[in-house]
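# Descriptive analysis of the structure
As a plain string of letters, each chain reads:
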Amino acid sequence: MPKAKPAKSTKSNAAANGAPAKAESGAINPLRALNEAFQQTEREIRLGGGPKAIERQHTKKRLTARERIEQLVDEPDDFTELGLWCAHNMYAEHGGAPAAGVVTGVGTVDNRQCMIIANDATVKAGAFFPMTCKKIIRAQTIAMMARMPLLYLVDSAGVFLPLQEDVFPDTDDFGRIFRNNAVISAMGIPQIAAIMGYCVAGGGYLPVLCDTLLMTEGSGLYLAGPALVKAAIGQEVTDEELGGANMHAAISGTIDFKEKDDESCLKRLRSLVSKINVKAAPKMHRSPAAGGCATKTVPARAAEDIYDIFTDKAGSQFDVRDLFACFLDAKDKTADFDEYKADFGASLVCGYGMIESQPLGIVANQRTLTQRTLGGQKHGGKSGPTYSVSMPGVIYDDSASKAARFIMDCNQRKIPILFIHDTTGFMVGRDSEEMGIIRAGAQMVNAMSNCIVPKIVLLTGASYGAGNYAMCGRAFDPFITFAWPSAKCAVMGAAQATGVLAMIEERSRERKGEKIDDETHKTILDAIANSYNEQQDIRHGAARGWLDRIIQPHDTRAELAAALRMTENWDFSRPFSTGVLQT
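An account of the accompanying structure is given in this report. Since we're looking at a predicted model, the values are computed, not measured. (Residues numbered from 1 in each chain as written. Predicted model: local features only at pLDDT ≥ 70, side-chain atom pairs only at ≥ 80, totals over all residues. Heavy atoms only, no water.)

### Description of the environment of F482
Operational definition: Secondary structure elements are taken from DSSP: a helix is a run of H or I of four residues or more, a strand is a run of E of two residues or more, and numbering for both begins at the N terminus. Residue burial is assigned from relative accessible area. The probe radius is 1.4 Å, only protein chains are included, and a residue is buried under 20% of its type maximum, exposed over 50%, and partly exposed in between. By the convention used here, residues are in contact when the closest approach between their heavy atoms is within 4.5 Å.
Relative to the assigned elements, F482 resides in strand β22 (residues 480-483). Exposure remark for F482: the relative accessible area of 1% places this residue in the buried category. Considering only alpha carbons, one finds F482 and W546, 64 residues apart in sequence, at a separation of 9.9 Å. When near neighbours in sequence (up to four residues on either side) are disregarded, F482 contacts I456, V457, L458, L459, R549, I551, E559, L560 and A563.

Shown next, in the form of structure tokens:
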């Protein structure tokens, strides 16, 4: 059988297409270098179980999960993979589980955007690890939000038994997937499953709970395999007799379409999707031009300028609005951005923009010093304004109040909101408390939590503590969460956390009678710093499913445009309400 190339994305492989690591000065840009290191790791993850496992799959005359996706979608390069980093550096004692043994993402099939979930049989025969369940549930959740058809390419041995207690029973485990199958069907969102390998034990419920079921010859669908059947009831039976495609097509009537092989099954699947009555995705998003022609929208600045603008170096600053010019549509050679309350609450930048003619609101942490105007007394006793300086990346009470009002306005307009994270959290201290920082923060969290519009998140730098929450962290139902390689996510920054944790550890040892000298202090500090730095690294969060996709900074516009297109069938009918706001 012909061997297809693994599916890839231009969005995730642009580093190989001319994104140089060296700046004009000859020095390596830190963000570029970090990005290229991430790209190398992603290439390794996409190999799944490795070349030998891929060859074993081909020996069975079956395609790999990525090869199946490449044949299924209209444009393989436009497939937006989600959760690639799931389970990264986890389950080492079991040999690892690259990408959690399943490929998930959004692609167009006959010009219809679909969520695709494909078991990777090269990784432990497609068995379900704990993160496999969480990754699939996340994909189902995104599809439910966007009312997007789901296509399941099934090839799995079922639960990974050594970790069954972490896979089987809870609300974010194996059974939740089947619950979602039933709920999604009741919502009227199409689900089609294609069995192209084994579908064993409880996993058999996933395809049968879908609307339409395809199966290839040589595949197996049964609650218990031949060996278990013999052990349980003493019956000897072959794979085909027990749960083969011929039996399920002609005797049990469980499947709707029997197909010869992967290629014919994928062709049938495309044909079935073409007959789903959902809104087709426009092939290109263009804005009207003079004379009725279509003109492609472009940003005001080159995407590569992001590397020159952004910095996370301690003590360095930049204006986040300069980043907007690299991904928003341009108007009169500048970013088409209408800033909301530009002179108030300046530590958060809010406003309206367009990406490929698709409107959106933006809430972004400002990464430069800003001035705040306060009421008060001028010198000489005359009444008048006074001023204070707001620190970069910190959310102040006036900024939070402004953002809450802006979020409500976006819900009124029915436009998606993009939250750009680069924050160390809310301002603390007596003055901030007197100004009502907790009350203002609660306003922002309330408005953001109750959004009826899509919430898209981009982590560019720090995303710490309550700042992560207010900016629509993972706990607040973001539609899609992106991150740059430079992003960090934790309850607080490493410097602060290391000092606190070291103090706790040293006092604990002192109570036990241990003397803490300078050398012991340094050893404790270094150990805690190394551990905390590892945990705040965005790869740690991505491995645990705290975000959906690590993107290349110069691909930000394309990634955001793709996410906005995914929302085309969004249901805006639910009324927007915040409940009680503390004012």
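### Focus: the packing of aromatic side chains
The condition is simple: Each Phe, Tyr or Trp ring, with Trp reduced to its six-membered ring, pairs with another whose centre is within 6.5 Å; inter-plane angles below 30 degrees give stacked pairs, above 60 give edge-to-face pairs, and intermediate values give tilted ones.
Evaluation of the coordinates by the stated rule reveals 14 aromatic pairs. With centroids separated by 4.3 Å and ring planes inclined at 15°, the aromatic side chains of F129 and F160 adopt a geometry described as stacked. Residue F129 is located in the loop between β3 (112-119) and α4 (130-146), and its partner F160 is located in the loop between β4 (150-156) and α5 (164-167); the two are separated by 31 residues in the primary sequence. Note on F160: relative accessible area 12%, which makes it buried.

### Focus on the pairing of strand β5 (residues 191-200)
Test applied: The criterion for strand pairing is that DSSP finds at least two bridges linking the strands in question.
Where burial is concerned, most of β5 is hidden: 9 out of the 10 residues are buried. Taken together, the 6 bridges between β4 and β5 define a ladder with parallel strand orientation. By the bridge assignment, L151 is partnered in β5 with I192. As defined by bridge partners, β5 adjoins strand β6 (residues 212-216) across 4 bridges and the pair is classed as parallel.

### Side note on the pattern of salt bridges
Operational definition: When a carboxyl oxygen of Asp or Glu lies within 4 Å of a side-chain nitrogen of Lys or Arg, that pair is called a salt bridge.
Inspection of the entire model under this criterion finds 31 salt bridges. For E304, the salt bridge is made with R32, and the minimal N-O distance between the two is 3.0 Å. Residue E304 is found in the loop between β10 (294-295) and α12 (305-309), and its partner R32 is found in helix α1 (residues 30-45); the two are separated by 272 residues along the sequence. A residue is classified by how much of its surface remains accessible, and E304, at 25% relative accessible area, is partly exposed. In this structure, R321 and D319 form a salt bridge, with 2.9 Å as the shortest nitrogen-oxygen distance. Looking at R321, the relative accessible area reads 32%, which means it is partly exposed. What emerges from the salt-bridge pattern is a single network uniting E42, R46, R66 and E81.

### Regarding the nonpolar core
One broad trend across soluble globular proteins is that nonpolar side chains are buried collectively. Convention followed: Nonpolar core, defined: a set of buried Ala, Val, Leu, Ile, Met, Phe, Trp, Tyr and Cys residues in which side-chain atoms within 4.5 Å join the residues together.
In this structure, M115, F324, F327 and I362 are the most contacted members of the largest nonpolar core, which totals 81 residues. Here this core gets 10 residues from one element, more than from any other, and that element is α4. In this view, M115 contacts L82, G105, V106, A139, I142, A143, M148, P149, L150 and L151; residues no more than four positions away in its chain are not counted. By size, the runner-up hydrophobic cluster in this structure holds 42 residues, among which are A440, M448, L459 and I550.

### Observations regarding the layout of surface pockets
Our working definition: Every definition here rests on a 1 Å grid over the protein atoms only: cavities are sets of points where a 1.4 Å probe fits but cannot get out, pockets are open sets enclosed by protein on both sides within 12 Å along at least five of seven lines, and lining residues have some atom within 4 Å of a point. Grid points are joined across faces, edges and corners, and a volume is the space filled by probe spheres set on the points. All amino acids are sorted into three groups, where Ala, Val, Leu, Ile, Met, Phe, Trp, Tyr, Cys and Pro are nonpolar, Asp, Glu, Lys and Arg are charged, and the leftover types, Gly among them, are polar.
A volume near 470 Å³ is recorded for the second largest pocket. Considering the residues around the second largest pocket, the lining is formed by 22 residues, among which D312, A314, R367, T424 and A462 are closest to the centre. Of all the secondary structure elements, the ones that give two or more residues to the lining of the second largest pocket are β21 (455-464) and α18 (494-511). Looking at the lining of the second largest pocket residue by residue, the class counts come to 8 nonpolar, 9 polar and 5 charged.

### A short note on empty space enclosed by the protein
Within the structure shown, the criterion is met by 5 cavities of 30 Å³ or more. Estimates place the volume of the largest cavity at around 90 Å³. I117, N119, F128, I136, Y152, L153, V154, S156, C199, V200, G203 and L206 together form the lining of the largest cavity. The set of elements that each furnish at least two residues to the lining of the largest cavity consists of β3, β4 and β5.

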